[in-house]
Amino acid sequence: MDQLSALDTVAAEAGRGELAFPTSVHATLTLQRALGQPDCHIDAAARLVQAEPLLAARTVAIANSVAYNRTGNDVTNVRAAVQRVGFRTLGALAAAVAVRQLASEIRDPGLRQKADALWAHSAHVAALAQVIARRVSFVDPETALFAGIVHEVGGFYLLSRAESMPGLLDDNLDAWLDHGEAAIGRGVLHKLGVPGPVMDAIEAMWKGMRALPPETLGDTLLLANDLAPFPSPLFTPPGATTQNAAATIDFVIGEGTLKQVLEESGEEVKSLSSALM
């Protein structure tokens, strides 16, 4: 099967909602829906999180990151971590676990390496998006964090299918742009229950649409994507901002500049991306 046929097949399946998720992803999505219920109490949330070891560890790590631990007092249990980060961040962390689980059954070393590189990219985009949202574009920082976590979910799904579909990842950029990224990404995002505003922001990122300084969630996500120190290991569209070009992006924010904001927030970004990793 050549790449165009393979991508067409996967994109058509995604469009119909026929997505082959590992069992662990379905369990995490069930947990995420339970956490999203308005009557979910903190004690119930803590019990749900404790039942998923990876999510429990990630929640405590995030709670102790510079972004959430302003006083330097570390928490040592899940309930305290849930209380500190809040349910919205908890939902984003559950999504992070689900995204990682998409690639959990990959055995091929080359594909696993790509999946790890894609997660390193996603974690840094998420951390940068939260900082840019809070200090530059003034959109909701928790939504920006979530958008950064899930913005490459279509790529993770593609990697999860590549082992059983030879040719799916052949170097054919046009096929990916025309038949893959948006179609597969939309299908997986819908399956994960991603809210409309986040979907719109990711669509804007796919189209390369943004304003500088950033004004919207889409602008915020695209700027974070450009500034991330680890690029996506998947296909790069023509005209995309290179890492060297991203390093030159700067503009005035109030009495400072973007570079100053990033320098001041460097430890926060490092801590949060490391906790997500």
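Residues numbered from 1 in each chain as written. Predicted model: local features only at pLDDT ≥ 70, side-chain atom pairs only at ≥ 80, totals over all residues. Heavy atoms only, no water.

*Asks:* Mind laying out the side chain of S265, listing which residues take part and the relevant values?
*Replies:* Tracing the sequence through the fold places S265 in the loop between α13 (258-264) and α14 (266-276). Here the side chain of S265 touches V261 through a polar contact of 2.9 Å, landing on its backbone oxygen. In this view, S265 contacts V131 and R135; residues no more than four positions away in its chain are not counted. (Helix = DSSP H or I, 4+ residues; strand = E, 2+ residues; numbered from the N terminus. Polar contact = N/O pair within 3.5 Å; in protein donor to acceptor, adjacent residues only side chain to side chain. Contact = heavy atoms within 4.5 Å.)

*Asks:* Could you give an account of the environment of Q113, with specific residues and numbers?
*Replies:* Here Q113 is to be found in helix α6 (residues 109-137). Its relative accessible area of 60% is what places Q113 among the exposed residues. Taking the C-alpha atoms as reference points, Q113 and L192, separated by 79 residues in sequence, lie 24 Å from one another. (Buried < 20%, exposed > 50% of the residue type's maximum accessible area, 1.4 Å probe, protein only.)

*Asks:* Go over the environment of V153 with me, naming the residues and quoting the values.
*Replies:* Looking at where V153 falls in the secondary structure, it is placed in helix α8 (residues 153-162). Using a relative accessible area of 1% as the deciding quantity, one classes V153 as buried. Residues V153 and H41, spaced 112 residues apart in sequence, show a C-alpha to C-alpha distance of 29 Å. Contact partners of V153, with chain neighbours within four places excluded, come to V99, L102, G185, V188, L189 and L192.

*Asks:* I'd like a rundown of the pattern of salt bridges, residues and numbers included.
*Replies:* All chains considered together, the criterion is met by 7 salt bridges. E264 is the partner of R135 in a salt bridge, and the nearest nitrogen-oxygen pair spans 2.6 Å. Of this pair, R135 sits in helix α6 while E264 sits in helix α13, placing them 129 residues apart in sequence. Classification of R135 as partly exposed rests on a relative accessible area of 28%. What makes E264 exposed here is its relative accessible area of 55%. Three or more residues are tied together by salt bridges with common partners; here these are R70, R134 and E268. (Salt bridge = Lys/Arg side-chain N within 4 Å of Asp/Glu carboxyl O.)

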